Structure formats: C-alpha cells, structure tokens
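Examining the three-dimensional arrangement
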Amino acid sequence: MMGLTNEIIKQRLTEKFGEAIFHFDESYGMLSFEAAKENNLKVLQFLFDDEVLNFRFLTDLCAVNYPDLAGRELAVVYHLHNLQENIRIRFKVFTSIAEPDVFTASKLYAAANWMERETFDFYGVNFTGHPNLKRILNVDEMDYFPMRKEYPLEDQTRVDKDDEMFGRG
Amino acid sequence: MSRPVRFNIHPIQANINDAVAVAEAPQGYSGEGFFTSKLSDVVGLARKNSMWPLPFATSCCGIEFMATMGSHYDLARFGSERVGFSPRQCDLLMVMGTIAKKMGPVLRQVYLQMAEPRWVMAVGACASSGGIFDTYSVLQGIDQIIPVDVYVPGCPPRPEAILDGILKVQELIGQESIRRRNSEQYTALMNGYGIE
C-alpha cells in the first residue's frame, strides 16, 4: 500500500473522470486539480471511497475570491489528506458570484459543517443541502460578506469613526 | 583602615500624613458637637473611596490592569481593592481591551445588569475607539453601545495611567449630585443608547 504518488492520483482520477477533471498543477510538490462545481460531490466521494486514494480527512475548506475571472469569481478549495500515506491534495471548484451555489460536503465529511458555515460567513458561498447554513463567526446582523474583494480599502461613508480624530475631518 | 561608620544624626520624624492620604472633609459648617454639610458631598465621599470595580478584560490592557491590582501599583490604596465579578454588586465597569462586534451585546448586558449608580471606564485605545482594529469585526469604541465616563488613552496604558483614570472617576463620583440619575438629561442620555 506504500508509495502513493501524485502521478498515481492523477492517473486514477483521469481513468475515472476523464476530461471532467482538469487544470492539474503541482505547486511545491502538492497536487491540485479542478472540476466543475456540479461534480464536486462525485469527485469527493470517489477520493474518499477509492481503496487506493483513501482521502478520508478534510484538513481545510475555504473560498478564494478572484474578482477578475468573469463567471468564476469564487473558488471553493478542499484540502484533503490521506492519513495512511501522509499525502495531501487540493481540490477546487469555481462558481460565479451571481449564483454561488455549491453542493455541501458535510454529509461526507462532518468537519465540513463548520468550515462551510465559515466560508458562507465570509464569502457568501451558498452550500446547498447544508443542515444549518448561518453565520458562525460574525454578528448575525451583518448583511455583507467581508472577505470578498469588492470593498475599497477605506469606506468613506462610515459613521463609526470620528474623522476629526484621525486628521481627515 | 577602620571602616567608617556613619550615623544619621538628623533623623526625620515619621509623619503619618506623608504616607497615608487622608480624605478631606467636605465643605460645611461646624460648631461644637455638630457639623452640617450637603448630603451629596457626604454620599460622594463615601462612594468614591470605596469603589467596587468590575474588570471586563479582553486583552493586553487587562494584563496592565493585573499589574495595577498588584502590590507594586496597588489599586487598593484608592479604596478599590474589592474587585467584583458580579455586575449586581459593582459600581465601576472597567472595559479593558478590544471589543469585537459580537462581544457588544454581552458587554451591554453586563452594563444593564449593574445597579445604579454605575460608572464606566474605557481603558486603552481599543475600548475607547477601536484602536488599530479599524475593521469590520471590531466595535469602534464601546461608547457606541454604552455611555462612558472616563477614557484612558494608551496602547496599552501603563498602570499609572489606569490609576489616573481611577482618580478621574473618583473626582466624577465625588462631585456628582445625588439627583443626577433622576434628571431629564440622564434619562435622555440613557434613551440615546436605547436603554429604558
């Protein structure tokens, strides 16, 4: 069972999914690849179940905002870990910011529950099928997604800082 | 060579007033066997010299407060050694540290649970104005949600600054009219914060 390499993972995924998995990359020795957001659960399930791949541990789940990529502004990134072989991969799906619906991975990985709530909280990714998709770190009254790259560095309309105190009165 | 031995040939006699601060008596008219004064002054004198602070310490300013409570700076000298951790019994809410927006309702609840008369001291840049945390998750000064009596600047303020703040609060307490909390202005202030 020893000796799982990036090559084997890539080969195994291509055998199963063919063209549905693309954009393979190995930055700093860590394999990453992409699939369409409709296929995210199929790919994750395969990575979890396959007797060779065995990615049973979800290390992290987060989003990235690429405001310049029209139609694929939000990336949801799954960091997976094969604990037996001690090998890690990154799996990405992209979604448009206008319709940020991605299937929840919380049925497969229990750890995804809170991670998806955090990702929703900060990026507004709508994880369909999530049992309790509400804000986890920010105040419930917040009506925006603070980590999206759509805010100027200093909001001139703020009223909660007294400008005179900061020399911009 | 023999070791020179020096004697303190002009010893200064100990004067108790050098070491112990004695509170001044309030202004009034005294005669043989009686003393008249304003009730406000007497109540203020009693209140200001036995404050019960409630520390609400969330970060580094709280560490400075611990030094303030310690033997070197010794807040007990000012009648405030009895730090309470129950809002009902305390007079002075000391907010020391960054208050995240999510912490806001908790702080407000602690303030509401305190019985009148109550005072609030914002210690440090974060509690006073949000400090360096000019960001979406941090309350930009606790005066957004509760009224503040004394602000202590610093990041974090040294224990001397916190003691100075305590003395400023004592000054306020000592001069406060006992009718203030029933006044229209006070009600308006509270209503400004949506209290009562």
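1. Side note on the overall build of chain A
A tally of regular secondary structure across chain A gives three helices and seven strands. Tracing chain A from N to C terminus, the helices and strands come up as α-β-β-α-β-β-β-β-α-β. Once local pairs closer than 6 in sequence are excluded, the contacts in chain A between residues at least 24 apart make up 51%.

2. What to know about unusual backbone geometry
Following Glu-116 of chain B, the chain continues to Pro-117 of chain B via a peptide bond in cis, the omega torsion being -5°. With an omega dihedral of -10°, the bond running from Cys-155 of chain B to Pro-156 of chain B counts as a cis peptide bond. Within the chain, Tyr-28 of chain A stands out as a residue other than glycine whose phi angle is a positive 55°. Locating Tyr-28 of chain A in the fold gives a position in the loop between β1 (21-27) and β2 (30-36). A residue is classified by how many C-beta atoms lie within 10 Å of it, and Tyr-28 of chain A, with 4 of them, is exposed. Phi is positive for Asn-86 of chain A, close to 50°, though the residue is something other than glycine. Residue Asn-86 of chain A is classed as exposed on the basis of its 8 C-beta neighbours within 10 Å.

3. Some thoughts on helix α2 (residues 40-49) of chain A
Residues and elements named next belong to chain A. Regarding α2, the residues found buried are Asn-40, Val-43, Leu-44 and Leu-47. Within α2, the buried residues cover an arc of 95° as seen down the axis, which keeps them to one side. Considering only its buried residues, α2 is in contact with α1 (6-17), β1, β2, β4 (74-82), β5 (87-95) and β6 (101-103).

4. Describing the nonpolar core
Leu-92, Leu-93, Met-94, Val-95, Met-121 and Val-123 of chain B are the most contacted members of the largest nonpolar core, which has 35 residues in total. Contributions of two or more residues to this core are made by β3 (53-57), α3 (60-69), β4 (92-96), α4 (104-113), β5 (119-123), α5 (124-129), β6 (150-152) and α6 (159-175) of chain B. Not counting residues up to four positions away in its chain, the partners in contact with Met-121 of chain B are Leu-92, Met-94, Asp-149, Val-150, Val-152, Gly-165 and Val-169 of chain B. In terms of nonpolar packing, the next biggest core, distinct from the first, is built from 32 residues, Leu-44, Leu-47, Leu-74 and Val-76 of chain A among them.

5. Observations regarding the pairing of β1 of chain A
Residue and element names in this part refer to chain A. Buried residues are scarce in β1, accounting for zero of its seven residues. Here β1 pairs with β2 via five bridges, running antiparallel. Pairing of Glu-26 across the sheet is with Leu-31, part of β2. The turn linking β1 back onto β2 is made up of two residues, and Tyr-28 within it adopts a positive phi angle of 55°.

6. Quick notes on the packing of α3 of chain B against α6 of chain B
Residues and elements named next belong to chain B. At a minimum axis distance of 9 Å, the contact between α3 and α6 shows a crossing angle of 75°. When the interaxial angle is binned, α3 and α6 end up roughly perpendicular. In this structure, α3 uses Glu-64, Phe-65, Ala-67 and Thr-68 to contact α6, whose residues at the interface are Pro-159, Ile-162 and Leu-163. Residue composition of the contact of α3 with α6, by class: five nonpolar, one polar and one charged.

7. Observations concerning the sheet that holds β3 of chain B
All names here are of chain B. The strand order across the open sheet built from four strands is β3-β4-β5-β6, with neighbouring strands paired in parallel fashion. Every interior strand has two partners, whereas the edge strands, β3 and β6, have only one. Neighbour-to-neighbour, the strand axes of the sheet open up by a mean angle of 20°, direction not taken into account. As judged from the three bridges shared by β5 and β6, these two strands associate in the parallel manner. Directly across from Met-121, in β6, lies its bridge partner Val-150. In the packing of α3 onto the sheet, contacts are made with β3, β4 and β5, and the angle to β3 comes to roughly 145°. Across the face of the sheet, α6 comes into contact with β4, β5 and β6 while running at roughly 160° to β5.

8. Considering the environment of Ser-128 of chain B
Residues and elements named next belong to chain B. Position of Ser-128 relative to the elements: it lies in helix α5. Among the residues examined, Ser-128 registers 24 C-beta atoms within 10 Å and is labelled buried. With 94 residues separating them in the primary sequence, Ser-128 and Phe-34 have C-alpha atoms 46 Å apart. Ignoring any residue separated from it by four or fewer positions in sequence, one finds Ser-128 in contact with Ala-122, Gly-141, Tyr-151 and Pro-153.

9. Points about the sheet that holds β4 of chain A
All names here are of chain A. Overall, mixed pairing links the five strands, which are arranged β1-β2-β5-β4-β3 in an open sheet. Both edges of this open sheet fall to β1 and β3 (57-65), since each of them pairs with a single strand only. Adjacent strand axes in the sheet meet at a mean angle of 20°, parallel and antiparallel pairs treated alike. With nine bridges connecting them, β4 and β5 associate as antiparallel partners. Within β5, the position partnered with His-81 by the bridge is Arg-88. Docked against the sheet, α1 engages β1, β2 and β5, running at close to 175° with respect to β1.

Definitions and limits used
Residues numbered from 1 in each chain as written. Chains lettered and ligands numbered in written order. Predicted model: local features only at pLDDT ≥ 70, side-chain atom pairs only at ≥ 80, totals over all residues. Helix = DSSP H or I, 4+ residues; strand = E, 2+ residues; numbered from the N terminus. Contact = placed C-beta atoms within 7 Å. Buried ≥ 20, exposed ≤ 12 C-beta atoms within 10 Å, placed from the backbone. Arc of directions from axis to C-beta. Core = buried A, V, L, I, M, F, W, Y, C linked by C-beta atoms within 7 Å. Pairing = 2+ DSSP bridges. Axes fitted to C-alpha atoms, helices over the stretch in contact; angles between N-to-C directions. Parallel < 35°, antiparallel > 145°, perpendicular 65-115°, else oblique. Nonpolar A, V, L, I, M, F, W, Y, C, P; charged D, E, K, R; others polar.

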